[in-house]
Amino acid sequence: MPTNLIGYGGWLTILVVAAHVVVRIVAPYADPVLLPVVAALNGLGLAVIHRIDLAKDTGLASQQLTWMTLGVALFVGTLIALPDHRLLARFTYTSGLAAIVLLILPMLPGLGTQINGARIWISLGPFSFQPGEIAKMLLVITFAGYLVVHRDALALAGRRVVFVDLPRGRDLGPVLMMWVVSLGILVLQRDLGSSLLFFGLFLVMLYVATERPGWLIVGGLLFFGGATAAFRIFGHVQSRVDIWLDPFADPDGSGYQLVQALYGFAWGGLVGRGLGEGMPQRVPYVESDFILAAIGEELGLTAVMAVLLLYGLVVERALRAALISRDGFGKLVATGLAAVFALQVFVVIGGVTRLIPLTGLTTPFLSYGGSSLVANWVIIAILLRISDQARRPLPDLAAEAETDPDEQATQVVKVVSER
Amino acid sequence: MNKPIRAVSIFCMFLFLALMANVTYVQFWKSDDYNTDPRNARVAEASYSRERGQILVGDQPVATSKPSDDRYKYLRVYPEAGARMFAPVTGYLQLGSQTGIERSQNAVLTGEDPQLFVTRLVDLLKGETAQGGNVVLTLDADAQKAAFEGLRDTLGPKGEGSVVAIQPKTGRVLAMASYPSYDPNELATHDSAKASETYQALDGDDREPLLNRAIRTRLFPGSTFKLVTAAAAIESGKYHVGDDVPAGATYQPPGTTHRIGNDGRGQCSPAKIGFATAMEFSCNTTFAQLAVEVGPEKMREQAEAFGFNNSSLLDLQGQVQSVYPTGVDVPESEGGGTRELSLAETAQTGIGQNTVQATPLQMAMVTAAIANQGTLMRPYLVEQVQTAGFDVLRTTEPEVLNDHAVSARTAGELTDLLVATVESGTASPARIDDVKVAGKTGTAQRGDSLCSAGGKPPYAWFVSFAPADNAEVAVAVMIEEAPDRACGEIAGGQLGGPIAKAVMEAVLNK
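Okay, so let's go over this structure. Everything quoted here is computed from the prediction, not taken from an experiment.

1. A few points about the overall build of chain B
Next, step 1: What chain B contains, in helices and strands, is 19 helices and 19 strands.
Next, step 2: Relative to its full complement of 510 residues, chain B shows a buried share of 56%.
Next, step 3: Contacts in chain B between residues far apart in sequence, at least 24 positions, make up 70% of those at least 6 positions apart.
Next, step 4: Total accessible area on chain B is roughly 20800 Å²; 50% of this is exposed by carbon and sulfur atoms.

Below, the structure written as structure tokens:
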């Protein structure tokens, strides 16, 4: 038995139980499915990272546990500090500004660090942080806050061009500008995954707010235009596509990572080689972006399916919260967070299994990485808060009248004679 | 806003379904393709971590796995005593590559062969790590030793050569030696830097120690090819063992000014001599004329009946085909295409020159077919496949490759000629007391000039079988280089004869 099973397992249990108790107290009506699912994913991630530690002789699992502790602390903090998610609507513009500042931070000399060609990290002493992970959450709040106020104007006012109703510039302008700025920064930082994520997020939220499918068509066209332009202009996009089309063209060079991941998945087969029996360390960055390859190799297709189902459950519960939420802001935030989650899972898992070209993103809750883990725990806290509000029974006015008169405070009642 | 949220959830469902379908494709449908991809070092590396089956000669392992406590669980070991001797057959196991039996029987040795399915299932149920199966070779340890040490001691440290011995009735390969050889342990070591350094050194060595000359080197077979010529002549019905055959001091084939001589053997000079005499003294003038009389078509058919222009050994990869020319390529400048062999060229093929080329394995097959009353058996190296617990899963059944390479009568007449050659002719160094031995020497000129004229030393061959009337072993010895020997000393009988004798004795003394 691994010596640190009790240490890791015990601490994990304490964290999860603590989170559960807090949820029961401060958000009693919250969705009961989300926390167990997320805890399962986080625990599996921790186990796999520890296994990779053993192969690579690193100590990432303990760091990940530290980050998880911080994540759960922020999760608890968010639930306590945020009794009602509608409070977030007050920070519509503040969070928008904060998102932009966070996205600019890595560009600052001395603070930003370039890792694997993407300049999306900031270093503070021994810690490095990916501000984009926090920015994506802030952007959801900004979009939701703005759209919920302006949705009627966006949906109704405007001109009809061909078959699409375009809103007035002054309604769409601010949010569009905001999106362009964040996207522009990401393009400059060469972070393809996040660009794709933000674009998809923007499109989904606009569609849900306006209820106009036309936006999806416009967005789709814009996406293809943008993708083609990026393919033409940026060498690194081209090479990503080339690797995707034929990773075996250069199996020891540019295609190495993907080829090794595919060999890993295949080597795992249906039931996997068994934890500790595979060679996940052959895949570069297997502890972060490619952690699913390690799961596929050692735990097999069954485990990969289970992970996908868990992710699917998170998305489904988030969208359910959006459906039953009674306020537009809550609906939009929940949908936005669900979309971010679903797109991120799709982009990264699609990338490592060669369904789509690879773009660097973390696998939520599984991958090693503090920024992602902390941000995702906060996202779950917000989702729980929205579901708590949505599932809370309406105050029963009739019941109040039926309470025992003896229990009620004594009061003087002026009896009016009808005589 | 609920309608678009429902649409979004359906969209998300499709995203997840796409991921699930794709991952099923990768891990289920494509998994075999990826796992058998030769570039997949992961699979090879995994085989280092599992107990690989043994390769056995008799009941002695010549390749085995022992537990190791470095980065892999098992180290492949080739027992010191026979490592170099068996290396051309066993091959070696290196990270990401294997050769020899290690390669051709990889599925059995790793335990992934379907024959081992039940064993694997039992291992799984017992909770044990699956073990690979064992491969038992047909080799005779004594014959192999005689062959390898014969080459080493006769040729000297700089020599190059090969020996193949076959059991004529079955096709079992009793010995397959190639010299120089290498120590496979040095390539199987887990110290990959050292292994790759050793490989570079061996690969760059001019003497090609990594080459299995028995199946991968083809040279002019020289006079040993006269067996084929004689077989074609007897099969044609024109000549029999007691008949006189044409000879002469020199022979000028039709349509050429080039003359074929006898390298100073005066016994060949009369215009007609006995067939036995021609064979005993290996008269070039006789066999060149016989080949011309038979014609290129019949010569080729006879050579192919013995296995030329074909690959017959299935147990090792990389066998090169021995060649009897089917035609001659005409240069583009002269119109291109191919034409039939001219009579002058046919005359040269009759004495194993021109474009005739054979591997030691091929010459052993020719000899074995004659020894086996004309029936050519498929040579094989894998006698049995066993489980890790030595339970026999499969024993190879001998297979007839050609039941009429020559008729039994022709085979008998050829045997008589070859027995005479050992008793009173050039093949006398292979004589064994109280055993009737049949044999033939061969000394194939390399280039135009002879040793006496300062030319390159020839290739020396020796083929034989014994006992002549009920053969248990057929041997072919090929000597490519023996730089320690004087040029004139390199002749099939002198160098090859004693080696062949030692190998035959090793088999017969059982």
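2. A word on the overall build of chain A
Next, step 1: Within chain A one finds 14 helices and 5 strands.
Next, step 2: Within chain A, contacts between residues at least 6 apart in sequence are counted, and of these 71% link residues at least 24 apart.

3. Comments concerning the pattern of salt bridges
Next, step 1: Scanning the entire structure with this criterion turns up 23 salt bridges over all chains.
Next, step 2: The salt bridge involving A:Arg392 is made with A:Asp388; its shortest N-O contact spans 2.8 Å.
Next, step 3: Look at A:Asp388 and you get buried, because its relative accessible area is 0%.
Next, step 4: Measuring nitrogen to oxygen at the nearest pair gives 3.1 Å for the salt bridge that ties B:Glu304 to B:Arg300. On the criterion of helical spacing, the pair formed by B:Glu304 and B:Arg300 is a turn pair, its members being 4 residues apart in helix 15 (residues 296–305).

4. Notes on the sheet that holds strand 19 (residues 473–481) of chain B
All names here are of chain B.
Next, step 1: Strand order in the open sheet formed by 5 strands is 8-7-19-18-17, with antiparallel pairing between adjacent strands. For this open sheet the edge positions go to strand 8 (173–179) and strand 17 (438–444), each flanked by a neighbour on one side alone. Strand-to-strand twist across the sheet, computed as the mean angle between neighbouring axes with direction ignored, equals 5°.
Next, step 2: Sheet topology places strand 18 (residues 459–466) next to strand 19; 7 bridges connect them, and they run antiparallel. When the bridges of strand 19 are listed, Ala460 appears paired with Ile479.
Next, step 3: Across the face of the sheet, helix 8 (residues 141–155) comes into contact with strand 7 (160–166), strand 8 and strand 19 while running at roughly 25° to strand 8.

5. Focus: the interface of chain A and chain B
Next, step 1: Taken residue by residue, the interface counts 50 residues in chain A and 32 residues in chain B.
Next, step 2: Here chain A meets chain B over a buried area of about 3800 Å², counting both sides, of which 73% is carbon and sulfur.
Next, step 3: Ranking the residues of chain A by area buried against chain B places A:Tyr263, A:Trp267 and A:Leu323 at the top, with a combined share of 18%.
Next, step 4: Sorting the residues of the side of chain A that touches chain B by element identifies helix 7 (192–210), helix 10 (256–268), helix 11 (291–324) and helix 12 (328–352) of chain A as the ones contributing at least two each.

6. Details of helix 12 (residues 226–235) of chain B
Residue and element names in this part refer to chain B.
Next, step 1: Counting buried positions along helix 12 gives 9 out of 10 residues, so the element sits mostly inside the fold.
Next, step 2: Considered for burial, the residues of helix 12 that qualify are Lys226, Leu227, Val228, Thr229, Ala230, Ala231, Ala232, Ala233 and Ile234.
Next, step 3: In the stretch just after helix 12, Gly237 is the one whose phi turns positive, near 90°.

7. Let's talk about a nonpolar patch on the surface
Residue and element names in this part refer to chain B.
Next, step 1: Taken together, Phe117, Val118, Leu121, Val122, Leu124 and Leu125 make up a surface patch of nonpolar side chains, about 620 Å² in accessible area.
Next, step 2: Residue placement: Leu125 occurs in helix 7 (residues 117–125).
Next, step 3: Its relative accessible area of 72% is what places Leu125 among the exposed residues.

8. Looking at the sheet that holds strand 14 (residues 382–386) of chain B
All names here are of chain B.
Next, step 1: Overall, mixed pairing links the 6 strands, which are arranged 3-2-1-6-14-15 in an open sheet. For this open sheet the edge positions go to strand 3 (74–77) and strand 15 (392–395), each flanked by a neighbour on one side alone. Adjacent strand axes in the sheet meet at a mean angle of 25°, parallel and antiparallel pairs treated alike.
Next, step 2: Relative to strand 6 (residues 134–137), strand 1 (residues 55–57) runs parallel, the two sharing 3 bridges. Within strand 6, the position partnered with Leu56 by the bridge is Val136.

9. Observations regarding the state of the cysteines
Residues and elements named next belong to chain B.
Next, step 1: For the coordinates displayed, the defined rule picks out 1 disulfide over all chains.
Next, step 2: Across a sulfur-sulfur distance of 2.0 Å, Cys268 and Cys283 are joined as a disulfide pair. Because the sign of the S-S torsion sets the handedness, a value of about -80° for the bond joining Cys268 and Cys283 places this disulfide among the left-handed ones. Residue Cys268 is located in the loop between strand 9 (244–246) and strand 10 (272–274), and its partner Cys283 is located in the loop between helix 13 (275–280) and helix 14 (284–294); the two are separated by 15 residues in the primary sequence.

10. Some remarks on the packing of aromatic side chains
All names here are of chain B.
Next, step 1: The tally for this structure, following the rule as stated, stands at 15 aromatic pairs over all chains.
Next, step 2: Centroid distance Tyr92 to Tyr182: 5.9 Å. Interplanar angle 90°. Geometry classified as edge-to-face. Residue Tyr92 is found in the loop between helix 4 (83–90) and strand 4 (93–94), and its partner Tyr182 is found in the loop between strand 8 and helix 9 (184–188); the two are separated by 90 residues along the sequence.
Next, step 3: According to the relative accessible area criterion, Tyr92 is buried, its value standing at 6%.

11. Notes on unusual backbone geometry
Residues and elements named next belong to chain B.
Next, step 1: Cis peptide bonds are those with omega within 30 degrees of zero, and the linkage from Tyr179 to Pro180 qualifies with 0°.
Next, step 2: Here Pro180 is to be found in the loop between strand 8 and helix 9.
Next, step 3: The omega torsion of the bond from Ala466 to Pro467 falls at -15°, within 30 degrees of zero and hence cis.
Next, step 4: Take Pro467: it is sitting in the loop between strand 18 and strand 19.
Next, step 5: One non-glycine residue with positive phi stands out, namely Glu208, at about 50°.
Next, step 6: Among the secondary structure elements, Glu208 is positioned in the loop between helix 10 (192–204) and helix 11 (213–216).
Next, step 7: A relative accessible area of 39% means that Glu208 is categorised as partly exposed.
Next, step 8: Of note, Gln373 is a non-glycine position whose phi angle comes to about 55°, a positive value.
Next, step 9: Tracing the sequence through the fold places Gln373 in the loop between helix 17 (360–371) and strand 13 (376–377).
Next, step 10: For Gln373, a relative accessible area of 46% puts it in the partly exposed group.

12. So, the packing of helix 11 of chain A against helix 1 (residues 2–29) of chain B
Next, step 1: Between helix 11 of chain A and helix 1 of chain B, the least distance of the axes is 10 Å, while the angle of their chain directions is 180°. It follows that helix 11 of chain A is roughly antiparallel to helix 1 of chain B by the angle criterion.
Next, step 2: Residues of the contact of helix 11 of chain A with helix 1 of chain B, tallied by class, amount to 17 nonpolar, 7 polar and 1 charged.

13. Here we look at the environment of A:Val348
Residues and elements named next belong to chain A.
Next, step 1: Inspection of the secondary structure assignment puts Val348 in helix 12.
Next, step 2: Considered as a pair, Val348 and Thr359 are 11 residues apart in the sequence and their alpha carbons are 6.7 Å apart.
Next, step 3: Leaving out residues up to four positions away in the same chain, Val348 has contacts with Asp289, Leu361, Thr362 and Thr363.

Reading the values: the criteria
Residues numbered from 1 in each chain as written. Chains lettered and ligands numbered in written order. Predicted model: local features only at pLDDT ≥ 70, side-chain atom pairs only at ≥ 80, totals over all residues. Heavy atoms only, no water. Helix = DSSP H or I, 4+ residues; strand = E, 2+ residues; numbered from the N terminus. Buried < 20%, exposed > 50% of the residue type's maximum accessible area, 1.4 Å probe, protein only. Contact = heavy atoms within 4.5 Å. Areas by Shrake-Rupley, 256 points an atom, 1.4 Å probe, with all protein chains shown as cover. Salt bridge = Lys/Arg side-chain N within 4 Å of Asp/Glu carboxyl O. Pairing = 2+ DSSP bridges. Axes fitted to C-alpha atoms, helices over the stretch in contact; angles between N-to-C directions. Buried area = accessible area lost by both parts, 1.4 Å probe. Patch = residues over 30% accessible without salt bridge, like charges linked within 9 Å, V, L, I, M, F, W, Y side chains within 5 Å. Disulfide = S-S within 2.5 Å. Phe/Tyr/Trp six-rings, centres within 6.5 Å; stacked < 30°, edge-to-face > 60°. Parallel < 35°, antiparallel > 145°, perpendicular 65-115°, else oblique. Nonpolar A, V, L, I, M, F, W, Y, C, P; charged D, E, K, R; others polar.

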